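What follows is the residue order along each chain.
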Amino acid sequence: MAVQQHKVILDESEMPTRWYNLLADLPTPPPPPLHPGTGQPVGPDDLTPIFPMDLIAQEVTTERYVDIPEEVQEVYRLWRPSPLYRAHRLEKALGTPARIYYKYEGVSPAGSHKPNTAVPQAYYNAKAGIKKLTSETGAGQWGTSLAFACAQFGLECEIWQVRASYDGKPYRKIMIETFGATIHPSPSDLTDAGRAVLATNPDSPGSLGLAISEAVEVAAQDPDANYALGSVLNHVLLHQTIIGEEALLQLAKIGETADLIVGCTGGGSNFGGLTFPFIREKLAAGGAGPIIRAVEPASCPSLTQGVYAYDFGDVAGLTPLLKMHTLGHDFMPDPIHAGGLRYHGMSPIISHLYEEGMIEAVAKTQKDCFAAGVLFAQTEGILPAPESTHAIAAAVDAANAATAAGDQTCIVIALSGHGHVDMMAYDAYLRGDLVDHTWADTELQESVAKALTRLPEIANS
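Residues numbered from 1 in each chain as written. Predicted model: local features only at pLDDT ≥ 70, side-chain atom pairs only at ≥ 80, totals over all residues. Heavy atoms only, no water.

Draft legend 1. Here's a closer look at the overall build of the protein chain. A tally of regular secondary structure across the protein chain gives 19 helices and 15 strands. Relative to its length of 461 residues, the protein chain is compact, with a C-alpha radius of gyration of 21 Å against a globular reference of 23 Å. By its C-alpha atoms, the protein chain is 65 × 50 × 45 Å across when sized along the principal axes. In the protein chain, which comprises 461 residues, the share counted as buried stands at 61%. Here the protein chain has roughly 16,900 Å² of accessible surface; of this, 51% comes from carbon and sulfur atoms. (Helix = DSSP H or I, 4+ residues; strand = E, 2+ residues; numbered from the N terminus. Rg over C-alpha atoms; globule rule 2.2 N^0.38 Å. Buried < 20%, exposed > 50% of the residue type's maximum accessible area, 1.4 Å probe, protein only. Areas by Shrake-Rupley, 256 points an atom, 1.4 Å probe, with all protein chains shown as cover.)

Right, dumping it as structure tokens:
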């Protein structure tokens with residue numbers, strides 16, 4: 001009797017040594033970031049106060065591939081290549097003819113995909129002589145990853161965590177501190193941006209946009225500090241493409257071809273990391289290839305209910321203007337447990353893909369997502385991060401549709417991380433205390449309209 005294969009493993013020697021830049025292959029490029037004062041495309045000099053030149057070059061490069069420095073590869077090998085699993089037990093529980101695979105990033109030191117970009121960002125900053133990095137974090141995966149990465153290259157690290165997650169995920173705070181970083185709840189009284197919010201709402205649950213403002217404000221005032229971003233920008237998604245490059249090699253090893261790829265989306269980094277190399281293959285094949293589906297929370301639905309417009313990436317308006325699907329830069333989302341998905345805007349490149357019809361998007365409520373997460377834990381033995389349950393829930397929907405149609409669909413899930421420090425979220429679900437929050441289109445339109453009136457006149461003109 002043949003033994004079922006559960007894992008597809010690459011040897012360390014097979015780990016990709018280049019990141020892939022989707023911008024090189026897009027038929028039309030996404031609109032550029034704009035300087036809020038001049039309305040002109042942002043140039044390298046505009047970004048040097050908070051980013052090192054190597055990362056700025058990667059942000060704007062049109063080269064198809066970027067070599068991964070050996071110093072970064074050396075750290076990557078602590079957990080990469082990550083495994084691709086066949087979800088045999090989930091398939092059996094669903095009674096589906098669909099073949100379900102998941103690319104699992106929870107094997108990293110931080111338990112998520114985020115070190116894929118935290119490590120190179122720390123490396124390039126250290127190379128440039130920077131002594132300290134500041135950043136924001138939602139659920140804490142990015143903050144944990146940056147703290148780990150800074151420890152590898154001898155950098156100080158200071159993190160502002162969205163208060164809703166800071167209060168609800170105490171073990172993330174401890175992980176971040178264990179890796180040697182300092183962490184504050186956001187809004188805090190340490191910055192002008194934080195104090196402005198606290199003055200009007202002392203009990204504010206915070207948002208990623210606000211935490212970004214606080215971290216950028218501190219970095220901009222310290223010549224020895226830079227800011228590091230965990231999602232959204234091109235260089236961040238570039239670093240994450242090692243996920244998809246590995247997945248293509250793993251599927252080829254077993255003669256599989258994906259029909260559907262699903263990933264959760266907040267800012268877009270894990271989704272882009274898995275899917276961009278597959279989009280490259282689709283473009284080369286004239287559009288033939290897998291359906292690519294982004295899954296976002298119904299309480300923060302930037303793709304499915306947001307407006308495609310230029311907006312700030314943060315509450316205080318310290319960032320360049322980005323053309324993206326946005327709910328308004330001062331949007332305060334419901335404090336759901338998938339903290340990493342509570343961002344008002346979507347990555348400009350992913351927003352562009354959605355506008356061009358190259359990807360699909362759906363929104364899911366958190367009860368449906370946690371139900372799928374519990375089923376996944378009970379069958380596959382991995383407790384997924386609340387963010388990742390969105391992708392699992394959409395994959396379960398697709399598998400059930402395949403069952404109804406009798407289709408042997410091949411589904412690949414971006415399983416971005418584990419939920420081992422998100423137990424309060426699972427406790428709330430198991431107790432029946434979770435509340436599903438959705439927005440009427442009119443509510444979101446009002447929020448976006450209000451935010452856009454506060455933009456510089458040059459925006460969206």
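Draft legend 2. Main features of the nonpolar core. Judged by nonpolar contacts, the single largest core of 39 residues is most densely connected at Leu-22, Tyr-227, Phe-276, Ile-349 and Ile-350. Elements with a minimum of two residues in this core: β7 (156-162), α10 (208-220), α11 (234-240), α13 (269-284), β11 (291-297), β13 (321-326) and α15 (348-355). It is α10 that contributes the most residues to this core, seven residues altogether. Apart from residues lying up to four places away in sequence, Ile-350 is in contact with Leu-237, Gly-268, Phe-271, Gly-272, Phe-276, Leu-303 and Ile-359. Ranked by size, the runner-up nonpolar core spans 32 residues in total, among them Ile-68, Leu-133, Phe-148 and Leu-155. (Core = buried A, V, L, I, M, F, W, Y, C linked by side-chain atoms within 4.5 Å. Contact = heavy atoms within 4.5 Å.)

Draft legend 3. A look at helix α5 (residues 115-127). In this model α5 runs 18 Å from its N-terminal to its C-terminal C-alpha over 13 residues, within 8% of the 18 Å that 1.5 Å per residue would give. Buried within α5 are the following residues: Pro-115, Asn-116, Thr-117, Ala-118, Val-119, Pro-120, Gln-121, Ala-122, Tyr-123, Tyr-124 and Asn-125. A positive backbone phi angle near 90° is found at Gly-129, which sits one or two residues after α5. (Expected span 1.5 Å × (residues − 1).)

Draft legend 4. Highlighting the packing of aromatic side chains. Scanning the model with the defined rule gives 13 aromatic pairs in all. Consider the rings of Trp-79 and Phe-148, whose centres lie 6.4 Å apart with planes at 70°: the pair is edge-to-face. In this pair, Trp-79 is assigned in the loop between α3 (70-76) and β4 (84-86) and Phe-148 in helix α6 (residues 141-153), connecting sequence segments 69 residues apart. Residue class for Phe-148 comes out buried when judged on its relative accessible area of 5%. Between Phe-370 and Tyr-426, the ring centres sit 5.1 Å apart and the planes meet at 80°, which makes this aromatic pair edge-to-face. Here Tyr-426 lies in helix α18 (residues 423-431) and Phe-370 lies in helix α16 (residues 366-380), a separation of 56 residues in the sequence. (Phe/Tyr/Trp six-rings, centres within 6.5 Å; stacked < 30°, edge-to-face > 60°.)

Draft legend 5. View of the environment of Pro-44. If you trace the backbone, Pro-44 turns up in helix α1 (residues 44-47). Taking the C-alpha atoms as reference points, Pro-44 and Asn-21, separated by 23 residues in sequence, lie 18 Å from one another.

Draft legend 6. Summary view of the pattern of salt bridges. Using the criterion set out here, one finds 20 salt bridges in the structure. Note that Asp-397 and Lys-364 form a salt bridge whose closest N and O atoms lie 2.7 Å from each other. Here Lys-364 lies in strand β14 (residues 360-364) and Asp-397 lies in helix α17 (residues 386-405), a separation of 33 residues in the sequence. Residue class for Asp-397 comes out partly exposed when judged on its relative accessible area of 38%. Residue classification places Lys-364 among the buried positions, given a relative accessible area of 13%. Put simply, Arg-80, Lys-103, Glu-105 and Glu-246 are held in one network by salt bridges that share partners. (Salt bridge = Lys/Arg side-chain N within 4 Å of Asp/Glu carboxyl O.)

Draft legend 7. Representation of the sheet that holds β11 within the structure. The strand order across the open sheet built from seven strands is β1-β4-β5-β15-β10-β11-β14, with neighbouring strands paired in mixed fashion. At either margin of the open sheet sits one strand with a lone partner, and together these are β1 (7-8) and β14. By the bridge criterion, six bridges tie strand β5 (residues 99-104) to strand β15 (residues 410-415) in an arrangement that is parallel. Bridging across to β15, Tyr-101 finds its partner in Val-412. Taken strand by strand, helix α12 (residues 242-253) contacts β1, β4, β5 and β15, and its axis lies near 140° from that of β5. (Pairing = 2+ DSSP bridges. Axes fitted to C-alpha atoms, helices over the stretch in contact; angles between N-to-C directions.)

Draft legend 8. Representation of the packing of α16 against α18 within the structure. One can describe the packing of α16 onto α18 by two numbers: an axis separation of 10 Å at closest approach and a directional angle of 105°. Classed by the angle they form, the pair α16 and α18 counts as roughly perpendicular. Every residue of α18 that contacts α16 at Lys-367, Phe-370, Ala-371, Gly-373 and Val-374 is listed here: Ala-425, Tyr-426, Tyr-429 and Leu-430. When grouped by side-chain class, the residues that make up the contact of α16 with α18 number seven nonpolar, one polar and one charged. (Parallel < 35°, antiparallel > 145°, perpendicular 65-115°, else oblique. Nonpolar A, V, L, I, M, F, W, Y, C, P; charged D, E, K, R; others polar.)

Draft legend 9. How the structure looks around the side chain of Ser-351. Residue placement: Ser-351 occurs in helix α15. Take Ser-351: its relative accessible area is 0%, and that puts it in the buried class. Residues within four places of Ser-351 in sequence aside, it is in contact with Leu-303, Tyr-308, Met-324, His-325 and Met-346.

Draft legend 10. Molecular detail of the packing of helix α9 (residues 192-200) against α10. At their nearest, the axes of α9 and α10 sit 7 Å apart, and the two run at 140° to each other. The orientation of α9 relative to α10 falls into the category oblique. Along the contact surface, α9 presents Asp-192, Ala-193, Gly-194 and Val-197, while α10 presents Leu-210, Ser-213, Glu-214 and Glu-217. For the contact of α9 with α10, a count of residues per class yields three nonpolar, two polar and three charged.

Draft legend 11. Structural view of the sheet that holds strand β6 (residues 132-137). Ordered by their spatial adjacency, four strands build an open sheet running β8-β7-β6-β9, and the pairing between neighbours is parallel. With partners counted over all chains shown, the strands left at the sheet margins are β8 (182-186) and β9 (225-227), one partner each. Within the sheet, the average angular offset between the axes of one strand and its neighbour, ignoring direction, is 20°. Where β7 lies against β8, five bridges are found, and the strand directions are parallel. Across the sheet, residue Gln-161 finds its bridge partner in β8, namely Pro-185.

Draft legend 12. Focus on the pairing of β5. For β5, the buried fraction is high: six of the six residues fall into the buried class. A two-sided burial pattern is seen for β5, the buried positions comprising Arg-99, Tyr-101 and Lys-103 on one face and Ile-100, Tyr-102 and Tyr-104 on the other. Bridging between β4 and β5 involves three bridges; their strand directions are antiparallel. The residue of β5 that forms the bridge with Tyr-85 is Tyr-102.

Function cannot be inferred from these measures alone, as they are strictly geometric.
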